[in-house]
Each structure stands twice: as C-alpha cells, then as structure tokens.
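What follows is each chain in one-letter form.
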Amino acid sequence: MRKLNFKNKIFIFIFAIIILGIIGLLVYAVKLVGNKGKDVYDVSSNTVIFSQDSNLIDTKDGGKIEKKWNGNFYYLTGKNDTYELGLNPVVYESSSEDITLFGDNYQILNEGSINLVKDSITINDPSTTYFYKLDDRVYLIISDEIYNETKSIYANKYLLVYIDKQGNASVLNDALNVKTINPMKLVFGNYTFDIANELLIVGEKTVNLKTVIGSTNEYVVPPEKEDVVKYDPNSLIDSYNELVGDFNKYTTNNNMQIAANNQVEATTNNTVINNTEVTNNNQSNTTVQNSSAASTTVKNKTVMNKRVNLRGAISYPTYIDVSYLVTDPENKYQAVYLVVTGEFDGKAASEKIILDKYATSNRIVGLTPNHEYSISLGYIEVLTDEDTGEKSLADNIEDVINVRTSKVNYNLKIEKISNGNVYFNYKMTNDYAFDTGEITLYSDGTPIDTVVLDSEKTKSANGYSNKLKLDQGNVFEIKVENATYGGKDANIPITKTFTIP
C-alpha cells in the first residue's frame, strides 16, 4: 500500500474542510427554510391588511402573508396575485378582533420606556392600551377608545397614524379614513399623542418620539398671531344669498328658513342686519339687498355651546362618505355646507354642497378614482354686537381634510396561449365595474382583435373569460378600451403586455 506524501495529505485535509463547509451550508439552508415557514400568516376574507404605505389591501380571495429573503412581507392571494406589504404591515382579524404587527416595532410603555418587539406579535385584547412606532412617521394605537380633543374623530380597537413631512396626519382603520391639515392630538388610555410634534405624553412624562429610530418630520410650530375677525361684507352678502337660496330649496322645514329664529327685532316683515335689509315674505327665495358696510366689531360670536365638526370620511373609487356633526341649540347657523375641490367627471373644479344640519352624513359623488380631494366644512351665522345690537354675517370654514379616493380594483391576467389564441380573464369589483367596454389585442402597437366586455361576468366570482386571435408580432398587449361608468367615459389605463418565446 502506497503511503501518502505530505502534499497529498494537505489536499485531503482541504477537501474534507470543503465537504464540511458544504454540509454546514445545507444545514443552514434547511434551518432558514424552517424559519421561513414560521413567517407564514393565513389570510381569510375577514382579514384586513394595511401595507406599510397605508394602502388597504383587498383580501376577498384569501391567501397568505410571507416574509421574503429581503425582509419585506408579501401578500399572496388565493388567485396567485402578489402584493408587497413592506417591512411593517398591520393585520386586523375582524372575526376575532386580533391585531398582528409584523417586522421590528417599538412599543412605548406606560412609564415612557421603549421596548423593541422583533418579528411579529399578535394582540388578542384591543381593550388594553398599546402604542407602537412602526416606522418613520408611522404609528399604531390600540385602545378601546381613541379620539381627538373635540371628538370629531373617534375610533375604537385600533387606529393607524401616518404623518407627512409637514406634520399633517392621516388616521385610518377598517371603518375610518381621515386626513387633516390642522395640528391634532389624540387621547387614549392615559396617553396623549401630539401628532404634528411627535410627542407622546404619558402621565407627567413626555416622550420625544423623533428620537425613536429618527424622524423626517419637518413640522415647525407657527408663531402665534392675534385672532382678528376680518371679512368683506359685500362678498359675504353674495355668499349668503347663494347659500340661503340653495338651502331654502333643499329643505321644506320652516324651522330652517332664514330669519326664522334669529331673535331679530322687526316691526314689519323686514329684518335689518347692520344697515342691510333682509326681506322675508314667506317665499322660497330670500334676498339680501346691498347697503352700507357691515360693522367689524363682533363680541358675541360664541354665546352658547355650538359647533360644527368633520368627524371622518370613508373613500371609495367614485364617491366619499363624509361624517359630520352640527350642534346648534339656538339655531344660530343659517346654513352649513361643504366645499369640495378636486376632479369631477374628469375636470378640476370646486363644488359647494348644502348640508342638512340635522343629519350626520353626506355622500359626495361624481369623483375620479385615485384622486385627492380637499373637503372644507363651513357655515354662515348671524352675529350680534352686544353694545349696539347691530347684526352682521360671518362665513367661516371650520374644518379642512384631504381625502384620496381609492384605486379601481381589477385583475387582468392571461390564462394560456394555445392554437393561435390568447385566453384571458378579467375581473372588477362591485365598488367600481365598467358598464360597457371592449378588450383589444395589439401586436407591436397595431390592433388585431377585439371582443366586447361582458359587465355582469366581470363582476362575478369567476370573472369574464374569453379569447383573442393572435397574429405575427414581437410584443403583444391586451387593453381595456372605450369603457364607460355611470354613463360617462372611464379613462382608466388597464393593460397587460406579453411576448411569445
């Protein structure tokens, strides 16, 4: 038997080391796969998913949530569609009321200390108060009651808070979606959250949340200004006439007629408002005649506990449901209204909507999917100078929020390519589904085949399936074209591009 020389022994030793290294890698890979399985979360139709960028994900098809190698979480639907959720998604299980946080999060405890929560955690009791920082300018509140100082925003169980760089807050859960441009504080348990300044007040202790993983918040407290009431009487009179005219047409309740309970002294059917005559002859239209300028001294603007507030807004692709509250024990508010600015039927515009002050909600319709709208709540009231008894009009904007309509939910996929045809399936939801339309196949930019869209099948559970005839080409594209919704053109780009090997 031949003896191994020193050189051969070295080669054998190196070979053994390599084999052991390969075995170690295999063991590590098996362990990694095993750990990966622990990051799988089953999703049902009762699951509400919020991605890191605040999008609410549709879960009607079920599926699962998985953590990938890059650390991000993904939602894989039962139809094999994939949605990226980011590093810190939040899941609410409506059937059990469980709330699950994914990724690394920072919990702020009662005494103000900070606890790092790694991986994921499920909270089974939403009546217990918790507060988490999920990411830069992203927070989660869990409590049985969550509200701002005026209670115009009220939530229970949980509330996500997203702050833009100017300190404006968007607050949302599965029933609430509100964005405000006014600094706001939220109260829950024994916590007070100063959102714009990112300060958490816990009892006597104040925690600077910007120091927890840092913050890109650029909000600066504005300098205090003296609150001086200024208005142009002529423009107020015009606005008053327009709003009152619309308001009187809107309601048949005589108790809501202009000057019905203004407590204004009158010897005839005429009422004098600061040298401006208001004629009420029990007709449907009330007109204010211009006269001299109104007095600028107002001393009894708030005598009784009256207020108007926007409580929240829920957005859909083509409409927004606004919740509001009007408290007016002395019937001081002559009109309450919304001013909505954004895109209506494809054109930028502002619309004024007269509200029923005895109601609490209103639906704003005719909106464009995935567009932002500014919604202002305003009112007109009659003010009385305590010294002179003179009357003047005030037209005020009380609350402003920005709300984005939701995206159109659709799914266009290619099922197979066979026998010179491409077979496709197209689905939309009942929230927004085209009334009419066509699906066209393009080859290198040239249309080669078209089928008419079946709107009823599109909204069904199985969707609308059909085929398009293929022709010669390199790049093919399926487009949804000539679509209408609500009798109007729906200019929403829906395409699917593919090539044939």
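Residues numbered from 1 in each chain as written. Predicted model: local features only at pLDDT ≥ 70, side-chain atom pairs only at ≥ 80, totals over all residues. Heavy atoms only, no water.

**Q** Just checking my understanding: could you explain the overall build of the protein chain for this structure?
**A** Check the secondary structure of the protein chain and you find three helices and 38 strands. Here the protein chain holds 501 residues, and 42% of them are scored as buried. A sequence separation of at least 24 residues applies to 55% of the contacts in the protein chain between residues at least 6 apart. In the structure as shown, the protein chain presents an accessible area of about 26900 Å², 48% of it carried by carbon and sulfur atoms. (Helix = DSSP H or I, 4+ residues; strand = E, 2+ residues; numbered from the N terminus. Buried < 20%, exposed > 50% of the residue type's maximum accessible area, 1.4 Å probe, protein only. Contact = heavy atoms within 4.5 Å. Areas by Shrake-Rupley, 256 points an atom, 1.4 Å probe, with all protein chains shown as cover.)

**Q** For this particular structure, what's the right way to read the environment of Glu93?
**A** Mapped onto the elements, Glu93 comes out in strand 7 (residues 90-93). With relative accessibility at 11%, the residue Glu93 sits in the buried group. It is 8.8 Å that separates the C-alpha atoms of Glu93 and Ile49, two residues lying 44 residues apart in sequence. In this structure Glu93 touches Tyr41, Ser44, Asn46, Thr47 and Asp98, once residues within four positions along its chain are discounted.

**Q** Whenever I open this one, the sheet that holds strand 11 (residues 121-123) confuses me. Can you help?
**A** Strand pairs in the sheet, formed through backbone hydrogen bonds, run parallel or antiparallel to each other. The antiparallel open sheet is built from five strands, whose spatial order is 3-2-7-8-11. Among the strands making up the open sheet, the edge pair consists of strand 3 (56-57) and strand 11. Judged from the four bridges that link them, strand 7 and strand 8 (residues 98-101) form a sheet pairing that is antiparallel. Among the inter-strand pairings, Glu93 is bridged to a residue of strand 8, identified as Asp98. (Pairing = 2+ DSSP bridges.)

**Q** What should I look at first to understand the sheet that holds strand 4 (residues 63-67) in this one?
**A** Taken together, four strands build an open sheet; the order of strands is 1-4-5-6 and the sheet is antiparallel. Looking at strand neighbours, the two that pair on one side only are strand 1 (41-43) and strand 6 (82-86), the edges of this open sheet. Taking each pair of neighbouring strands and ignoring which way they run, the sheet shows an average axis angle of 25°. Two elements, strand 5 (residues 73-77) and strand 6, share four bridges in a ladder whose sense is antiparallel. The partner of Leu76 across the bridge, within strand 6, is Thr82. (Axes fitted to C-alpha atoms, helices over the stretch in contact; angles between N-to-C directions.)

**Q** Before we go on, may I ask you to explain the pairing of strand 36 (residues 475-485) in this structure?
**A** Consecutive residues of a regular strand have side chains that alternate between opposite faces of the sheet. Here strand 33 (residues 436-443) runs beside strand 36; their pairing, made up of seven bridges, is antiparallel. Opposite Thr440, over in strand 36, you have Lys479 as the bridge partner. The pairing of strand 36 with strand 38 (residues 495-499) spans five bridges and is classified as antiparallel. Counterpart to Lys479 in the pairing with strand 38 is Thr495. Pairing of strand 36 with strand 37 (residues 488-489), which is carried by two bridges, proceeds in the antiparallel orientation.

**Q** What's the story with the nonpolar core in this structure? I'm lost.
**A** Looking at soluble globular proteins, one finds that nonpolar side chains tend to be buried together. Core analysis: the biggest nonpolar cluster contains 46 residues, and Phe131, Phe193, Leu200 and Leu338 have the highest contact counts within it. Residues Leu441, Leu453, Ile478 and Ile492 belong to the second largest nonpolar core, which totals 24 residues. (Core = buried A, V, L, I, M, F, W, Y, C linked by side-chain atoms within 4.5 Å.)

**Q** Please clarify how the packing of aromatic side chains should be interpreted in this entry.
**A** The relation between two aromatic rings is expressed through the spacing of the ring centres and the mutual angle of the planes. What the rule picks out here adds up to 20 aromatic pairs. Ring centres of Tyr41 and Phe102 lie 5.5 Å apart, and the angle between their planes is 85°; this geometry places the pair in the edge-to-face category. One end of the pair, Tyr41, is in strand 1; the other, Phe102, is in the loop between strand 8 and strand 9 (105-108), and 61 residues separate them in sequence. A single burial state applies to Tyr41 and to Phe102, both of which are buried. The interplanar angle of 80° and the centroid separation of 5.8 Å between the aromatic rings of Tyr432 and Phe434 together place this pair among those described as edge-to-face. (Phe/Tyr/Trp six-rings, centres within 6.5 Å; stacked < 30°, edge-to-face > 60°.)

**Q** Help me understand the pairing of strand 31 (residues 410-418) in this model?
**A** Alignment of strand 31 against strand 32 (residues 421-428), held across eight bridges, turns out to be antiparallel. Opposite Ile414, over in strand 32, you have Phe424 as the bridge partner. Hairpin connection of strand 31 to strand 32: two residues between the antiparallel strands, including Asn419 at a positive phi of 50°.

**Q** Quick question: what am I supposed to make of the side chain of Thr59 here?
**A** Secondary-structure assignment places Thr59 in the loop between strand 3 and strand 4. Beyond its immediate stretch of four places on either side in the chain, Thr59 contacts Val43, Ser44, Ser45, Thr47, Ile49 and Tyr75.

**Q** Help me understand the side chain of Thr318 in this model?
**A** Position of Thr318 among the secondary structure elements: in the loop between strand 24 (307-315) and strand 25 (320-327). Residues contacting Thr318, with those up to four places away along its chain left out, are Ile364, Val365, Gly366, Leu367, Pro369, Tyr432 and Tyr485.

**Q** How should I be thinking about the environment of Glu351 in this particular structure?
**A** Secondary-structure assignment places Glu351 in strand 27 (residues 347-355). Judged by relative accessible area, Glu351 falls into the partly exposed class, the value being 37%. Setting aside chain neighbours within four positions, we find Glu351 in contact with Leu338, Val339, Val340 and Phe344.

**Q** Even after reading the chapter, I still don't get the pattern of salt bridges, so can you show me in this structure?
**A** Applying the stated criterion across every chain, the model contains eight salt bridges. Across the salt bridge formed by Asp328 and Lys357, the nearest N and O atoms sit 2.9 Å from each other. Here Asp328, found in the loop between strand 25 and strand 26 (333-344), pairs with Lys357, found in the loop between strand 27 and strand 28 (361-364); they are 29 residues apart in sequence, far enough to count as distant. No difference in accessibility class separates Asp328 from Lys357, as the two residues are buried. If you follow the salt bridges from partner to partner, you end up with Lys64, Glu66 and Lys68 in one network. (Salt bridge = Lys/Arg side-chain N within 4 Å of Asp/Glu carboxyl O.)

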